[in-house]
Amino acid sequence: MLMNSNAYTQNKTENFTKMTSTLIQPPYLKAGDTVAIVAPSGVLKNRQREVQQALDLLKSWNLNVIVGKYVFSKSNHFAGTDEERCEDMQNAMDNPNISAIWCARGGYGTVRILDKLDYTKFKEKPKWLIGYSDITALHNQIHNNGFQSLHAIMCVSLTKDLTEINNSIKTLNAALFGKLTNYKLEYSSYNKLGNASGQLVGGNLTMLHTMLGSDTSIDTSGKILFIEEIGEYKYHIDRMLQSMKRAGYFDNCKGLIVGDMSKMRKNTTLWGTSVEQLILDVLAEYDFPITFNMPAGHEKDNRALVLGKVVALFVGKEKSTLEF
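Remember, predicted model here, so these are calculated numbers, not experimental data. (Residues numbered from 1 in each chain as written. Predicted model: local features only at pLDDT ≥ 70, side-chain atom pairs only at ≥ 80, totals over all residues. Heavy atoms only, no water.)

### Digging into the nonpolar core
And step 1. Core analysis: the largest hydrophobic core is formed by 74 residues, its most contacted members being M89, W102, L150 and L176.
And step 2. Core analysis: the next-biggest nonpolar cluster, separate from the first, contains 26 residues, L241, V275, Y286 and I290 among them. (Core = buried A, V, L, I, M, F, W, Y, C linked by side-chain atoms within 4.5 Å. Buried < 20%, exposed > 50% of the residue type's maximum accessible area, 1.4 Å probe, protein only.)

### A word on the environment of I227
And step 1. Considering the arrangement of structural elements, one finds I227 in strand β8 (residues 224-230).
And step 2. A relative accessible area of 2% places I227 in the buried class.
And step 3. With 116 residues separating them in the primary sequence, I227 and V111 have C-alpha atoms 18 Å apart.
And step 4. Beyond its immediate stretch of four places on either side in the chain, I227 contacts G203, L205, L208, L256, I257, V258, G259, M261 and I279. (Helix = DSSP H or I, 4+ residues; strand = E, 2+ residues; numbered from the N terminus. Contact = heavy atoms within 4.5 Å.)

### Some words on the side chain of R303
And step 1. Examined against the element boundaries, R303 turns out to sit in the loop between β10 (290-291) and β11 (305-307).
And step 2. A distance of 2.6 Å separates a polar atom in the side chain of R303 from a polar atom in the side chain of D301. (Polar contact = N/O pair within 3.5 Å; in protein donor to acceptor, adjacent residues only side chain to side chain.)

### As for the environment of A152
And step 1. Its location among the elements puts A152 in the loop between β5 (149-151) and α6 (166-176).
And step 2. Sequence-wise, A152 and A296 are 144 residues apart; in three dimensions their C-alpha atoms are separated by 7.9 Å.
And step 3. Setting aside its immediate chain neighbours within four residues, A152 contacts I130, G131, Y132, L172, N302 and A304.

Laid out in structure tokens, this is it:
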């Protein structure tokens, strides 16, 4: 059966977008630009203070702010129904006057609205998506549509004393305004030495695993993968990595950056090794460099990462460097 020419062209374009070495970078922000705050995932119960802090922070950067209609809505576990959360996200994506979309929190729920989103107007006027954790699902989708996005703190990350998260705030600002340069990472004896360059992709391990087999899964071929996690048993980490390996997820990967593995849970039957060794054991057959101690994930020091941007990774005997 022959594929019609339009379908063939569309498939060829989609495949090219997923494999191209250069993704479209949304314009960096400048004074007077507008940021939308939306909540595509979990409910924001008693989080008005953090959202107000987010407004104040953005205004201190001479930015305007629009808060989604349903940010403080509640529908069981979620910040509004799927339709309401999707409406807020779609409005922010479609609005040509919005330059960035800052997710208020993660939790769970983003995957439920992925297939409802239309990227037609977003492609005409791309903007930065900001978030982490459950927002990894949106990062994946934006990547596969051909655009860069920003793995960084969310509104609920803001503490009463912002000096506690100074690095997180400084790097968010630097990334949004085009001033992010490089990170020097603390040495780990678990590091696997080597150098690599490629698009930076990834996010929360559970979400990357959840996307397997769907159009929202990331092709890591020729790319540098970042992972982080929170609240998992080590055997869960192993199970996810083993499943991803069996699916060929790491076959052509160029490098791995491991962020925070926070609040690891203890099983009654102990795993027997560190989580670092667990990761190395699963990936022992691959020769790409691996670095640990990236301060990104579910800790107060959550440095901004530009996903989809071509980066250089140097894993040496004394330190690792990630250059944007």
